[in-house]
Amino acid sequence: MHLYLGHNPRTLYLVTGSHDERKGRPQRALVFRAVEANPAQVIVEFLPKDEVNLTSAVRLTSRVIKGCLGLISVENDTFLAVVSSATEVGNTRPFDSQPESVAKIHEVLFYCLTSHSWDDFSASQDTLLNPENADALMTREQQHYSQSTTPPVFEHPCMPLTKILSSGSFYYALDPAWDLSSRLPVRLARDRSNAHDIGIFDERFVWNEYIVRSLLNFRERLDPLEREELDKCQFIILAIQGYVGVFTMALPAPPVNGAPIIATLSLISRLGWRRAGTRFNTRGVDDDGNTANFVETETILTTDQHCVSYTQVRGSVPLFWEQQGLQTFGQRIQITRPHASQPAFERHFAHLMEEYGATHAINLLGSKENEAILTSAYAKHLQIARGIWGDELSITHYDFHNAVRIGGHDSVMRDVCRLEGVNNNMERYGFTMCDVSTDSLITEQKGVFRTNCLDCLDRTNFVQDIFSRKALEQYLSLVHREWLQAGALWMHHRELWAENGDALSRIYAGTGALNTSVTRTGKRTLAGVLSDATKSVSRAYINNFQDKGKQIAIDMFLGNMNNQRQVSIFDPIHDSVGKALQQRLSEYSTTQSCSIFTGTWNVNGRLPSSESLLPWLFPRDNFIEPDLFILGFQEIVQLTAQQIVQPDPEKKRIWEQKVMETLERRPQRTCDYVLLRSEQLVGTAIFVIVRSDLTAVIRNVEGAARKTGLRGMSGNKGGVGVRLDYHDTSFCFLTAHLAAGHSNIEERNADFHTIVKGLHFQKGKTLSSHENIIWLADTNYRIDLDNENVRARSEADDFDSLVAADQLRQAIDNGDAFAGYEEGPMLFRPTYKYDLGTDNYDTSEKMRIPAWTDRILFKGRFDLAVYSRAELKGSDHRPVFALFRSEVRIIDVAKRAALSRLLLENTLSATPGEKLDEKLASLVLPDDYSELPPPSTDDDAWWNKPEHPKGIFPISVAHLLESNAANPFDSPEESPFSSSPSSSDEELYSHAMGLQSPITPVRKPPPPPPRSRHTDV
């Protein structure tokens, strides 16, 4: 196919060519045109080729286009991504009636639909593909996003995307289309009529799902014949990232006739995109149970009789852990949510067991301090999870490095499969085998090995190679014993796994894998040792200095940037439904009240004393137990040069322990609390503590910091924040220590703006991305009155006159800082500065003027219940606290989908002249619509209540017989849907939702499903 550009209006034409027609593809054109009023919306038409006038159109490239990956909006322009160069890798199942061939993508080009500014950029595209210039281009892109500067005229905004997509790590299925994203047993289990339906795929592994979604929605709205023709043209490409390798070889036959047997050995690695990123930027698990560097690897051996498939997976340790700061060869690991990882951990294994069956984890981490910490936490969480799944979930810990140090790599090859848990499960899980002539399953794999090391690269690939060979040996011992010693088979097998290790390592770490010389040859050589050393140094450089820009490009391609708009295809019907759905948010969501305690205290570099923290954390009798405690500390360490360069985390841990012990030992305790997240920037630290029963509904917890000292180079001053989603409402909490000095008002204002502009969370989120924000800080703003006056008015509790002279209130009123923020009434004495251990303001030589330096400010949907200070004397500051009440929104996904279908069906049934907005606004869900029960927990299952002992739900016969209509499928006359041709379907759905039915209790509480990336409209 070829790509043309037309003008007036600006239009891109993707048109089949003569080579497509020779393959039997229809003569069609896919036409793209931007909507003038909305650049992120595109008009798409699927037309016969002879209806498209190309006489005045310009062919944009001499290359033959292989297909399009989708549409993406970058910097307010919309681009069409097309594959301009690809080569066939091979046919993974040559003996099947339908070939399953794979192509590797070599080049992807982006053409603009909204502007002519980027029409002539062939030189910049060629430059991008030159590896010598790649790093510089990525660095410029990183600077663009971090500094919000306008890029140079010559730099194409899609350059980083082109570099990633043209890296040789993306693959797609060749004509006839087949599902490369799904493993063999999944494809064989589908109905034959859906075997080549490109709309059916495994979303976990289709990397262009975000940019191609609008085209897939357009395809679904076509009538079946047009949809079939669109698929035959192969305009739409679904790409996976990872590795595909194919070798075809002749293997010895039984001595019956002596003719060799042709066999094909393939290896397919599918990298998941749901927690995608580079080595030090993406670690661990997210709240939906997705892990970094998650890869499904399938070994396929095909002969003229059988096709054998063996699947294994790898992925980061499924806990919340990070590696922040400059990383060299000593891996500094931080488990960020040590007491709140269990829900996400269980979601991860629930996904695995639902997809693959029984799961056995292979943990290859070593005994070094950091890896040992992860291993211990991994074992603890898995032991708890075994209470749900029992023997279906198990783990083997194997110190790979220690085994190599003692016996070399040969000992790993020899011993790992002899481990009891591995050997037993290898036999138990088996492999998948089908008959080539009929595609009927003979046997199916019953479980999966999940292997990990720290990066899930070198050690993991080495062990997975061993497991793959063991599985093939199982098959060969049953069917072709003579191949067990076939040198060609195992040579190609080693080569495939070595190439696989290199490919996955380049994606995640920037270099080829270590130990590949051993994988290829089975021996450790001097050349291999030198190569591994070079790769290690290269990794350290790339991961620390280049990966941030690459991470930005990955997030952009996947639609993870916070300010990114997904391109939609102009569709008045669905646009109307989407608008109406947004306006009726309250109908498919509920709100729940929550309470948040916030406190801030400058502790003057001191450790906790014997003084109790209860007067601060529970300052009133019968004080409610809040859902969250947010505590900010300043000067948690002395601000010395040594601490600024290398802060001591031990003091933060001591304060964490003091706070948690106070909560644990409080009187009249009715709930437990866990430390969800803590962050530190030199002397500034923030603790986020939540009720233990809420950890499952608090998601996407992230931390970030911004230095402001020495013009952003030093952390002696600055801010640190934690953001999270509580159900479906976002919060951001910040603590800060602003510039000191009575007269340094402008410096404090500048510090505030530096933190606001420079505090960035993952996926482009900033402070303004959040619905609710609370600052709890030592702001250092002072009172502009003389010392004697301030002290006298403080003693007299004359707060109004002091507030009138407060620098912070003046800055807010003038719009110089904290514009739009609110603060409670100042009904307590200034909190700074006291003589230690007394109620006396500063009597030292400096005699500092008392001030309200310690403040809590907020923006969003909050009701302030209490704002005061606590009389703790362990510092020269008094701690301040505030209690907030707020509401969090809970979206009922099933109810939203039902309302969406109702709106869509009634939109389609609208008569000419009918006012659509009024019709949609008048529609309501049936009164008997039954909402889903709340999610179950280990302690509370919705089906096991006193009114339903042992989960027995009786069927109400009277309810079933309510309608006396002759035809049970007739709608009642009073049905609000009687005017709609599709009303009976909706009525049946609503009626069914209201019925009670017997429920069989299940021990395993199902984890909440991952949220959909797209609203169902």
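Here's a quick rundown of the structure.

Cut-offs applied
- Residues numbered from 1 in each chain as written.
- Predicted model: local features only at pLDDT ≥ 70, side-chain atom pairs only at ≥ 80, totals over all residues.
- Heavy atoms only, no water.
- Helix = DSSP H or I, 4+ residues; strand = E, 2+ residues; numbered from the N terminus.
- Contact = heavy atoms within 4.5 Å.
- Phe/Tyr/Trp six-rings, centres within 6.5 Å; stacked < 30°, edge-to-face > 60°.
- Buried < 20%, exposed > 50% of the residue type's maximum accessible area, 1.4 Å probe, protein only.
- Lys NZ or Arg CZ within 6 Å of the ring centre and 35° of its normal.
- Pairing = 2+ DSSP bridges.
- Polar contact = N/O pair within 3.5 Å; in protein donor to acceptor, adjacent residues only side chain to side chain.
- Axes fitted to C-alpha atoms, helices over the stretch in contact; angles between N-to-C directions.
- Parallel < 35°, antiparallel > 145°, perpendicular 65-115°, else oblique.
- Left-handed = near helix turned anticlockwise from the far one by under 90°.
- Nonpolar A, V, L, I, M, F, W, Y, C, P; charged D, E, K, R; others polar.

Position of Asp 287 among the secondary structure elements: in the loop between β11 (261–271) and β12 (295–302). For Asp 287, the contacting residues outside a window of four places in its chain are Phe 320, Arg 337, Ala 344, Arg 347, Ile 698, Arg 699, Asn 700 and Val 701.

To continue, consider the packing of aromatic side chains. Tallied over the entire structure, the rule returns 32 aromatic pairs. Considering the side-chain rings of Phe 597 and Phe 629, the 5.1 Å spacing of their centres and the 50 degrees angle between planes classify their relative orientation as tilted. Pair noted here: Phe 597 is in strand β22 (residues 589–602) and Phe 629 is in strand β23 (residues 628–634), with a separation of 32 residues, a long-range link. In this structure, Phe 597 and Phe 629 share a single accessibility class: buried. One residue, Arg 748, lies across the ring of Tyr 781, its end atom 5.3 Å from the ring centre.

With that settled, consider the pairing of strand β20 (residues 447–452). Most of β20 sits out of view: six of its six residues are buried. Of the two faces of β20, the one holding Gly 447, Phe 449 and Thr 451 and the one holding Val 448, Arg 450 and Asn 452 are both buried throughout. With two bridges connecting them, strand β13 (residues 306–314) and β20 associate as parallel partners. Its bridge partner lying in β20, Val 313 is registered against Arg 450. Pairing analysis gives six bridges linking strand β16 (residues 358–363) to β20, with the strands arranged parallel. Bridge assignment links Thr 359 to a residue of β20, and that residue is Val 448.

Locating Ser 166 in the fold gives a position in the loop between α4 (159–165) and β9 (170–173). A relative accessible area of 15% means that Ser 166 is categorised as buried. In terms of polar contacts, Ser 166 uses its side chain to reach the backbone carbonyl oxygen of Thr 162, at 2.8 Å.

Contact geometry of helix α12 (residues 458–479) with helix α13 (residues 487–509) gives a least axis separation of 10 Å together with a crossing angle of 150 degrees. As summarised for this structure, α12 and α13 are arranged roughly antiparallel, according to the angle between their axes. Viewed along their axes, α12 and α13 form a crossing whose handedness is right-handed. Along its contact with α12, which presents Asp 458, Asn 461, Gln 464, Asp 465, Ser 468, Arg 469, Leu 472, Glu 473 and Leu 476, the element α13 presents Leu 489, Trp 490, His 493, Arg 494, Trp 497, Asn 500, Gly 501 and Ser 505. Taken together, the residues that form the contact of α12 with α13 break down as five nonpolar, seven polar and five charged.

Attention shifts here to the sheet that holds strand β25 (residues 684–691). With mixed pairing, six strands are arranged side by side in an open sheet as β24-β25-β23-β22-β32-β31. Each end of this open sheet is capped by a strand with a single partner; those strands are β24 (673–681) and β31 (862–869). Between one strand axis and the next, the sheet turns through 20 degrees on average, direction left out of account. Note that β23 and β25 share six bridges and pair antiparallel. In the strand pairing of β25, Leu 628 is matched with Val 690. The sheet strands contacting helix α20 (residues 649–664) are β22, β23, β24 and β25, and the helix crosses β24 at an angle near 155 degrees.

Our focus in this paragraph is the sheet that holds strand β1 (residues 2–6). Spatially, six strands are ordered β5-β1-β2-β3-β4-β21 in an open sheet, and the strand pairing comes out mixed. A single partner strand is all that each edge strand has here, and the edge strands are β5 (58–59) and β21 (568–569). Alignment of β1 against strand β2 (residues 11–15), held across five bridges, turns out to be antiparallel. By the bridge assignment, Tyr 4 is partnered in β2 with Tyr 13. Sitting on the sheet, helix α7 (residues 224–233) is in contact with β3 (28–35) and β4 (38–48), with an inclination near 100 degrees to β3.

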